[in-house]
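# Structure assessment
The primary structure of each chain is shown beneath.
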Amino acid sequence: MTSYTPPGDGPFAIPTGLLIGERWTAAASGATIAVDDPATGATLTEVADAAVAEGIAAVDAAAAAAAEWAATAPRKRADVLLACFHAMMAQQEWLAQLISLENGKALPDARGEVAYAAEFFRWYAEEAVRIPGELATSPAGGNRIMVQYQPIGIALLITPWNFPAAMATRKIAPALAAGCTCILKPASETPLTALAVAEIMRRAGVPAGVVNVVTTSQPGPVCSAILHDPRVRKLSFTGSTQVGRVLLREAADQVISASMELGGNAPFVVFDDADLDAAIEGAMVAKMRNAGEACTAANRLYVQRGIHDAFVARLVERMGALKVGAGTDPATQCGPMINRKAVDKIERLVVDAVGKGARVELGGETPAGDGYFYPPSVIADVKPGSEILREEVFGPVAAVTAFDTADEAVALANDTEYGLAAYVYSGDLKRALAVAERIECGMVAVNRGLVSDAAAPFGGMKQSGLGREGSHHGLLEYCEAKYIAVTW
Ligand code: NAP
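The shown structure was predicted, so the numbers you read here are calculated from the model rather than taken from an experiment.

A word on the packing of helix α2 (residues 74–90) against helix α5 (residues 166–178). With their axes 8 Å apart at the nearest point, α2 and α5 run at an angle of 155° to one another. Of the possible angle classes, the one that applies to α2 and α5 is roughly antiparallel. Of the two elements, α2 crosses α5, and the hand of that crossing is right-handed. On the side of α2, the interface is formed by Arg77, Leu81 and Met88, while α5 contributes Thr169, Ala173, Leu176, Ala177 and Ala178.

Rendered as structure tokens:
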């Protein structure tokens, strides 16, 4: 079996095949997918390119392991997940270097991602032994109502490139805790992290067939075939709203339960009574974590007029001081974008905004040279109707607009088809909470720049998704409520 040895001291060479059942195998066709370093554009290695038959072989493997895993005692499932947590944290630095290499994010962000990703194993190890049940007397008094949460069945898990470790563990951990077996289809841009995590899990004691991994350059046909296999009962997808819509249609044919974590367009609202230092600190996190390549990234910054100019000046100073470079360089604070297409999209949105009257305060131009870089940029006075207010920029560009009243801020924040995350800064907690309640989104950070937490329900309203990941809500996505009416 082919493998890839990344730089640094690692526990093993990363298998670059398909994990189907107990074995890593090459694609039958011999086809491969190139994995590139976004800092240089050079190819790092290649991974197996599965065809439809291999997707179905992964379903066979997941089906063969399903009954035994569902019947495995919750404590044993918890022990396996906890072993995965410790095994992953033992390799935090190695995995962080790997994420920085194939995804481009700066090392501090990559280290944070590994810790966040591993935490899903620990959290769901703790949840596996606390799966709830219910017992009640029927209102008529004639029988008991017994409710049991059973594993939903084989799950197809599809993940994006922007958090190659965390998006995988956020799905695998609750699936395994609930007693489901699964097939992971990682993003083609960043498969190495998923392959490394799968091998860590295998070595930590996850039984053969419980987690299968299929990399493919034909996600449409391969995932469609899997979703049309009657043995598959769950789809969990994280990625763009556009692909999410396609997959919801695919899942409809077999009426498969679908959890959808889709795109975002987060507003970052700062009232003029906010602590300016804290708001700038929060904006740096909400905007610049992962160089802006996050679904929760602050996409539209709405700042009350009294504090607007000072906020923009401070943001320009902070963003202008960031060191741009390869993610693997320890000095880097803002790495490259994932590919050329991503840079082109950012450029298009900035050009559109400037064409409609926005002012460039910092950056705003694609540099020449190798790699997929875009500089930290601030554009102010962004006019209504600009594309950047409608589309995720998914890059290091802060688009700032002034507002006057709370009602105006809420209306601006809600003027989008998305509803994932939002941020509100105010010195008056009553006002901040009132505004948070009125913003149509699944998650609001009040006076902080980060919402993600394995213990909290992560997910969106409107076209940002269906269902929640993390917390006990995330576990129930992999369970069916079985009601038994009993007379005794
Ligand atoms: P994407 O293009 O939608 O791809 C996501 C995954 O879907 C990849 O594995 C991709 O495979 C696969 N895919 C593409 N077309 C498919 C099809 N027809 N059938 C089945 N699978 C298909 O998204 P992305 O560019 O990787 O990620 C960025 C997006 O993810 C952004 O919109 C971001 O907001 C969103 N996101 C959301 C969350 C959240 O929790 N809500 C978290 C992170 C990211 P290939 O790589 O092989 O194309």
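Let us look at the packing of helix α9 (residues 276–288) against helix α10 (residues 305–320). α10 packs onto α9 with a crossing angle of 50° between their chain directions and a minimal axis gap of 10 Å. Judged by the inter-axis angle, α9 sits oblique to α10. Crossing handedness for the pair α9 and α10: right-handed. Contacts from Leu276, Asp277, Ala279, Ile280, Glu281, Ala283, Met284, Lys287 and Met288 in α9 reach Ile307, Ala310, Phe311, Arg314, Leu315, Arg318 and Met319 in α10. Counted by class, the contact of α9 with α10 contains 11 nonpolar, no polar and 5 charged residues.

So, on to the pairing of strand β19 (residues 421–425). Here β19 lies mainly inside the structure; 5 of its 5 residues are buried. Alternating residues of β19 divide into Ala421, Tyr423 and Tyr425 and Ala422 and Val424, and every residue in both groups is buried. Sheet analysis places strand β14 (residues 266–270) next to β19, joined by 3 bridges and oriented parallel. Across the sheet, residue phenylalanine 268 finds its bridge partner in β19, namely tyrosine 423. Sheet topology places β19 next to strand β20 (residues 443–446); 4 bridges connect them, and they run parallel. The residue of β20 that forms the bridge with valine 424 is valine 446. Read from β19 through helix α13 (residues 429–438) to β20, the crossover connection turns out right-handed.

Taken as a whole, the protein is organised into domain 1 (3–262 + 464–486) and domain 2 (266–453). Inter-centroid distance (C-alpha atoms) of domain 1 to domain 2 is 30 Å. Each partner contributes residues to the interface: domain 1 has 27 residues there, and domain 2 has 31 residues. Taken over both partners, the interface formed by domain 1 and domain 2 buries close to 2,200 Å², and the fraction arising from carbon and sulfur atoms is 57%. The largest share of the area that domain 1 buries against domain 2 comes from Pro38, Trp161 and Ser464, three residues that together contribute 23% of it. Linking domain 1 to domain 2 there are 1 salt bridge. Run the count over domain 1 and domain 2 and you get 9 residue pairs in polar contact (both at pLDDT 80 or more). For the side of domain 1 that touches domain 2, the element with the most residues is helix α3 (residues 92–103), which contributes 5 residues. Looking at the side of domain 1 that touches domain 2 residue by residue, the class counts come to 10 nonpolar, 10 polar and 7 charged.

To continue, consider the site of the ligand. Taken together, the neighbourhood of the ligand is formed by 30 residues, with Thr159, Arg170, Ser188, Ser240 and Glu392 sitting nearest. Note that an oxygen atom of the ligand is positioned 2.5 Å from one of the side-chain N or O atoms of serine 188. Compared with its free state, where it exposes 910 Å², the ligand has 85% of that area covered by protein. For the shell around the ligand, the elements supplying multiple residues, two or more each, are α5, α7 (219–227), β12 (232–238) and α8 (241–252). Here the residues of the shell around the ligand sort into 16 nonpolar, 10 polar and 4 charged.

Attention shifts here to the pattern of salt bridges. A side chain with one charge can pair with a side chain of the opposite charge if their charged atoms come near. Under the defined criterion, the tally for this structure stands at 24 salt bridges. Its salt-bridge partner being glutamate 469, residue lysine 171 comes within 2.8 Å of it at the nearest N-O pair. Note that lysine 171 is positioned in helix α5 and glutamate 469 in the loop between β21 (465–466) and α14 (471–476), a separation of 298 residues in sequence. Here lysine 171 matches glutamate 469 in class, with each residue buried. Where aspartate 229 meets arginine 231, a salt bridge forms, and the shortest distance between an N and an O atom there is 2.8 Å. The class for arginine 231 is partly exposed, based on a relative accessible area of 34%.

Take alanine 445: it is sitting in strand β20. By relative accessible area, which is 2% here, alanine 445 ends up buried. Between the C-alpha atom of alanine 445 and that of valine 424, which follows or precedes it by 21 residues, the distance is 6.4 Å. Not counting residues within four places of it along the chain, the set of residues in contact with alanine 445 comprises Ala422, Tyr423, Val424, Leu450 and Val451.

Looking now at α3. Taking 1.5 Å per residue as the helical rise, α3 with its 12 residues ought to reach 16 Å, and the 16 Å between its terminal C-alpha atoms agrees with that figure. Taken together, the buried positions of α3 are Trp94, Leu95, Ala96, Leu98, Ile99, Ser100, Leu101, Glu102 and Asn103. Two residues or fewer after α3 comes glycine 104, characterised by a positive phi angle close to 100°.

Once that is clear, we can look at the nonpolar core. Leu176, Phe268, Phe311, Leu315 and Ile388 are the most contacted members of the largest nonpolar core, which has 140 residues in total. The dominant element in this core, judged by the number of residues it contributes, is helix α4 (residues 107–128), at 12 residues. In terms of domain composition, this core takes at least three residues from each of domain 1 (3–262 + 464–486) and domain 2 (266–453).

Take unusual backbone geometry next. Positive phi outside glycine occurs at valine 255, with the angle close to 50°. Along the chain, valine 255 turns up in the loop between α8 and β13 (257–261). For phenylalanine 394, which is not a glycine, the phi torsion comes out positive at approximately 50°. As for its position among the elements, phenylalanine 394 is in the loop between β17 (377–380) and β18 (397–403).

So, how was this worked out
- Residues numbered from 1 in each chain as written.
- Predicted model: local features only at pLDDT ≥ 70, side-chain atom pairs only at ≥ 80, totals over all residues.
- Heavy atoms only, no water.
- Axes fitted to C-alpha atoms, helices over the stretch in contact; angles between N-to-C directions.
- Helix = DSSP H or I, 4+ residues; strand = E, 2+ residues; numbered from the N terminus.
- Parallel < 35°, antiparallel > 145°, perpendicular 65-115°, else oblique.
- Left-handed = near helix turned anticlockwise from the far one by under 90°.
- Contact = heavy atoms within 4.5 Å.
- Nonpolar A, V, L, I, M, F, W, Y, C, P; charged D, E, K, R; others polar.
- Buried < 20%, exposed > 50% of the residue type's maximum accessible area, 1.4 Å probe, protein only.
- Pairing = 2+ DSSP bridges.
- Right-handed = clockwise from strand over helix to strand, strands pointing away.
- Domains from an automatic or database assignment.
- Buried area = accessible area lost by both parts, 1.4 Å probe.
- Salt bridge = Lys/Arg side-chain N within 4 Å of Asp/Glu carboxyl O.
- Polar contact = N/O pair within 3.5 Å; in protein donor to acceptor, adjacent residues only side chain to side chain.
- Near = heavy atom within 4 Å.
- Areas by Shrake-Rupley, 256 points an atom, 1.4 Å probe, with all protein chains shown as cover.
- Expected span 1.5 Å × (residues − 1).
- Core = buried A, V, L, I, M, F, W, Y, C linked by side-chain atoms within 4.5 Å.

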